[in-house]
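# Structure at a glance
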Amino acid sequence: MTAPSTFGLSSEARNLHWLLTNLVEEVPGLLSVAVVSSDGLLLLSSDPGRNAEARAETEADRPTGPKGSAADLATIVSGIGSLTIGAAKLMDGGGVKQTMVAMDEGSLFVMSISDGSLLGVHGSPDCDMSVVAYHMALFVGRAGHVLTPELRSELRKSLESEPMGSGR
């Protein structure tokens, strides 16, 4: 996974990028990571599938997250987040803190950050689920208080203006 460009971003946005890069580098077995807003928009991603080189590779050669796309992971994370929130309401279970989906060929982790924002992680089949959950909780604890509406807007704009062909 490659580090996203932080040129021209506020110190809070650069800090959030640093936290995401640190999560990816510290935890073995992570394939893709995305931060998603409460309305399902991708705010931040570690997925190199956003650049032209990764999109040009064949599906079989791509060892990244779901279909190699940060947008795909954001969609999945948003959908699972909505589903689990609805289930918790029906069951009078309170707020949803985390969701984990164990699959034959990997794992998906979704954790609430703040005011509906979510952290989603796609892990390899051999990732240590407890280590992933621990590091996600650290990320959420550090990122939750800085993920303001202004910062979410800045992150959305930075993704929209990012050249799709850049190697970052």
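## Concerning the overall build of the protein chain
The number of helices and strands found in the protein chain is five helices and five strands. Helices (α) and strands (β) of the protein chain occur, in sequence order from the N terminus, as α-β-β-α-α-β-β-β-α-α. When the 168 residues of the protein chain are sorted by exposure, 46% land in the buried category. Long-range pairs, those at least 24 residues apart, make up 61% of the contacts in the protein chain with a sequence separation of at least 6. Put simply, the protein chain shows about 8600 Å² of open surface, and 57% of that area lies on carbon and sulfur atoms.

## Considerations on the nonpolar core
Core analysis: the largest hydrophobic core is formed by 28 residues, its most contacted members being Leu 16, Val 35, Leu 119 and Phe 139. Where this core is concerned, the elements lending two or more residues are α1 (11-26), β1 (30-36), β2 (42-45), β4 (106-112), β5 (118-123), α4 (129-143) and α5 (149-161). Broken down by element, this core gets its largest block of residues, six residues, from α1. Discounting residues that sit within four places of it in the chain, Leu 16 has contacts with Leu 44, Phe 139, Ala 143, Val 146, Leu 147, Leu 151 and Leu 155.

## Examining the confidence of the model for the protein chain
Across the protein chain, the average pLDDT comes to 81, with 78% of residues at 70 or higher. Taken as a whole, residues 48-65 scores under 50 in pLDDT and shows 37 contacts with residues more than four places along the chain or in a different chain. With pLDDT under 50 throughout, residues 164-168 is counted as low confidence; its partners more than four residues away or in other chains account for 19 contacts.

## Description of unusual backbone geometry
With a phi close to 50°, Asp 92 is a non-glycine residue in the positive phi region. Along the chain, the position of Asp 92 falls in the loop between α3 (70-90) and β3 (98-103).

## Some details on α3
With 21 residues, α3 ought to run about 30 Å at 1.5 Å a step, and its terminal C-alpha atoms sit 30 Å apart, in line with that. After α3 finishes, the residue Asp 92 shows a positive phi value of roughly 50°.

Calculation notes
Residues numbered from 1 in each chain as written. Predicted model: local features only at pLDDT ≥ 70, side-chain atom pairs only at ≥ 80, totals over all residues. Heavy atoms only, no water. Helix = DSSP H or I, 4+ residues; strand = E, 2+ residues; numbered from the N terminus. Buried < 20%, exposed > 50% of the residue type's maximum accessible area, 1.4 Å probe, protein only. Contact = heavy atoms within 4.5 Å. Areas by Shrake-Rupley, 256 points an atom, 1.4 Å probe, with all protein chains shown as cover. Core = buried A, V, L, I, M, F, W, Y, C linked by side-chain atoms within 4.5 Å. pLDDT = per-residue confidence, 0-100. Expected span 1.5 Å × (residues − 1).

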